[in-house]
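Fold and contact review
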Amino acid sequence: KQEVTQIPAALSVPEGENLVLNCSFTDSAIYNLQWFRQDPGKGLTSLLLIQSSQREQTSGRLNASLDKSSGRSTLYIAASQPGDSATYLCAVINSGYALNFGKGTSLLVTP
Amino acid sequence: EPEVTQTPSHQVTQMGQEVILRCVPISNHLYFYWYRQILGQKVEFLVSFYNNEISEKSEIFDDQFSVERPDGSNFTLKIRSTKLEDSAMYFCASSDPGTGVTGELFFGEGSRLTVL
């Protein structure tokens, strides 16, 4: 059974710092990995999708990498801003249709 | 930008009552999903739906749950007899037919269900 773990559970950084969020998964036979952002009480906003054949994806200040063989992904956020404060979720899909989510990393960027 | 819309945003119901949560997926998407998130816990998969039938469901999706696409735009989740433990945020999602199950999922804002 796929288990997705995100470390750290919470992170507080001053504005302007570069930061890395980590995601690990136990079953490396994934189709893809998706990073989401969730604001309190809100829905999930897709940030980046990495297919199993890809090593990384970039969107603006965000860069996500994937190392399937070691079961790891990282989300790099450059020059963090207070508006980046949210919970970041990692999710993978193996066979079938279901995304398996981690519990998320709660990020606070202070001015 | 196209988005997934869900109604109601919040519903309060008494235990044992039937609830229907509604979703309008992105218009050209053909794969539809329901997920839920109990407060403080992980987002969990409930069911996926394609070509007018359930393609996969989790252990959570028991006989109390059903899904339907009653017309060309709506996708609904029905809980027949709600329990206290059904209290959660329910998210609808959809994905593009060109990418199918390996493609990007787009989620709605969620419907918060509170069962008293």
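Before reading on, note that the structure itself is shown above.
Residues numbered from 1 in each chain as written. Chains lettered and ligands numbered in written order. Predicted model: local features only at pLDDT ≥ 70, side-chain atom pairs only at ≥ 80, totals over all residues. Heavy atoms only, no water.

Details of the side chain of S66 of chain B
Short version of the rule: Helix and strand definitions here come from DSSP, where helices need a minimum of 4 consecutive H or I residues and strands a minimum of 2 consecutive E residues; each element is numbered from the N-terminal end. Two residues form a contact once any of their heavy atoms are found within 4.5 Å.
Assignment of secondary structure puts S66 of chain B in strand β7 (residues 65-68). With near-sequence residues (within four places) excluded, S66 of chain B lies in contact with F61, T76, L77, K78 and R80 of chain B.

A word on the state of the cysteines
Note on terminology: a disulfide is the covalent bond linking the sulfur atoms of two cysteines. Heads up, the rule is: What counts as a disulfide here is a pair of cysteine sulfur atoms lying within 2.5 Å. Each residue gets one of three labels from its accessible area relative to the maximum for its type: buried under 20%, exposed over 50%, partly exposed in between, using a 1.4 Å probe on protein chains only.
Across all of its chains, the model carries 2 disulfides over all chains by this definition. One disulfide in the model links C23 of chain A with C90 of chain A; its S-S distance is 2.0 Å. An S-S torsion of about -60° defines the bridge between C23 of chain A and C90 of chain A as left-handed. Taken as a pair, C23 of chain A in strand β3 (residues 19-25) and C90 of chain A in strand β9 (residues 86-93) lie far apart in primary sequence, 67 residues in all. Assessed through its relative accessible area of 2%, C23 of chain A is described here as buried. Here C23 of chain B engages in a disulfide with C92 of chain B; their sulfurs sit 2.0 Å apart. Between C23 of chain B and C92 of chain B, the S-S torsion sits near -65°, and that sign places the bridge as left-handed. Of this pair, C23 of chain B sits in strand β3 (residues 19-24) while C92 of chain B sits in strand β9 (residues 88-95); the two residues are 69 residues apart in sequence, bridging distant segments of the chain. Like C23 of chain B, the residue C92 of chain B is buried in the burial classification.

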